[in-house]
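If you want the building blocks of each chain, they are given just below.
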Amino acid sequence: MSTQDTTGAHPRFAEALRELGLDVPVRRFPDATRTAAQAAEAVGCDVSEIVKSLIFEADGRPVLVLMDGSSRVDVERVRTELGAESVRRANADLVRETTGYAIGGVPPFGHRTRTQVLADRGLLDHAVVWAAAGTPHTVFPLDPKTLIAHAGGTIVDVRERTA
């Protein structure tokens, strides 16, 4: 019998965890953890330990960027990394169509479609990171190397540099 408790995880994400053989505790919160700051407060961790799963559109193709909660994605660096003409944040419809989840609950893997994944190197600065489990009320912990591997991510430097 599995000790896995995926209660509260989005059914598609719970299935992805089962398929990957990942036994992670999914934590559900009564208040939304839609933003990195809300999630960090609920979990009791630093905002940089939250993983934001962000969908961008690069030359019309969806791309997933995994970024720590305290940093912002530098769209120009993403464009350069992909060799794309143009990169912009995806709208809510494209996010849902691509991932199967709504903004604020997008997990790093277990999506409806496979997309190219860029993972910012800053995620590796932590022993454990927390990511959405498919809903705006649920998160799960995982070590960043494993999370990036399951997402099929390429490790890159795409965070905005602070002045």
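Residues numbered from 1 in each chain as written. Predicted model: local features only at pLDDT ≥ 70, side-chain atom pairs only at ≥ 80, totals over all residues. Heavy atoms only, no water.

Caption draft 1: Seen up close, the overall build of the protein chain. Counting secondary structure elements, the protein chain contains five helices and eight strands. The N-to-C order of helical and strand elements in the protein chain reads α-β-α-β-β-α-β-α-β-β-β-α-β. On C-alpha atoms alone, the protein chain measures out to a radius of gyration of 15 Å, which is about the 15 Å that the 2.2 N^0.38 rule sets for 163 residues. Counting only C-alpha atoms, the protein chain reaches 50 × 35 × 25 Å along its principal axes. Buried positions account for 50% of the 163 residues belonging to the protein chain. Within the protein chain, contacts between residues at least 6 apart in sequence are counted, and of these 61% link residues at least 24 apart. Counting only carbon and sulfur atoms, one obtains 48% of the accessible surface of the protein chain, whose full area is about 8200 Å². Between the averaged position of the 19 positive side-chain charges in the protein chain and that of its 22 negative side-chain charges there is a distance of 2 Å. (Helix = DSSP H or I, 4+ residues; strand = E, 2+ residues; numbered from the N terminus. Rg over C-alpha atoms; globule rule 2.2 N^0.38 Å. Buried < 20%, exposed > 50% of the residue type's maximum accessible area, 1.4 Å probe, protein only. Contact = heavy atoms within 4.5 Å. Areas by Shrake-Rupley, 256 points an atom, 1.4 Å probe, with all protein chains shown as cover. Lys, Arg positive; Asp, Glu negative; His and termini not counted. Charge placed at Lys NZ, Arg CZ, Asp CG, Glu CD.)

Caption draft 2: Molecular detail of the pattern of salt bridges. In this structure the tally under the stated criterion is seven salt bridges. For the salt bridge of R121 with D157, the shortest nitrogen-to-oxygen distance reads 3.3 Å. A residue pair is termed long-range when its members are at least 10 positions apart, and R121 in the loop between β5 (116-120) and β6 (129-132) and D157 in the segment after β8 (153-156) qualify at 36 residues. Taking the relative accessible area as the measure of exposure, D157 reaches 37% and is therefore partly exposed. One continuous salt-bridge network, built from bridges that share partners, spans D68, D120 and R159. (Salt bridge = Lys/Arg side-chain N within 4 Å of Asp/Glu carboxyl O.)

Caption draft 3: Focus on the packing of aromatic side chains. Summed over the entire model, instances satisfying the criterion amount to three aromatic pairs. Looking at R12, its charged tip hangs above the ring of Y101, at a distance of 6.0 Å from the centre. (Phe/Tyr/Trp six-rings, centres within 6.5 Å; stacked < 30°, edge-to-face > 60°. Lys NZ or Arg CZ within 6 Å of the ring centre and 35° of its normal.)

Caption draft 4: Here's a closer look at the pairing of β5. Most of β5 sits inside the fold, with four of its five residues counted as buried. Bridge analysis of strand β3 (residues 61-68) against β5 gives four bridges, and the strand direction is parallel. Its bridge partner being in β5, V65 is matched across the sheet by L118. In this structure, β5 lies alongside β8, joined through four bridges in parallel fashion. (Pairing = 2+ DSSP bridges.)

Caption draft 5: Spatial organisation of the environment of H137. Here H137 is to be found in the loop between β6 and β7 (138-142). Look at H137 and you get partly exposed, because its relative accessible area is 25%. Sequence spacing of H137 and L20 is 117 residues, and the spatial spacing of their C-alpha atoms is 22 Å. Here the side chain of H137 touches P30 through a polar contact of 3.4 Å, landing on its backbone oxygen. (Polar contact = N/O pair within 3.5 Å; in protein donor to acceptor, adjacent residues only side chain to side chain.)

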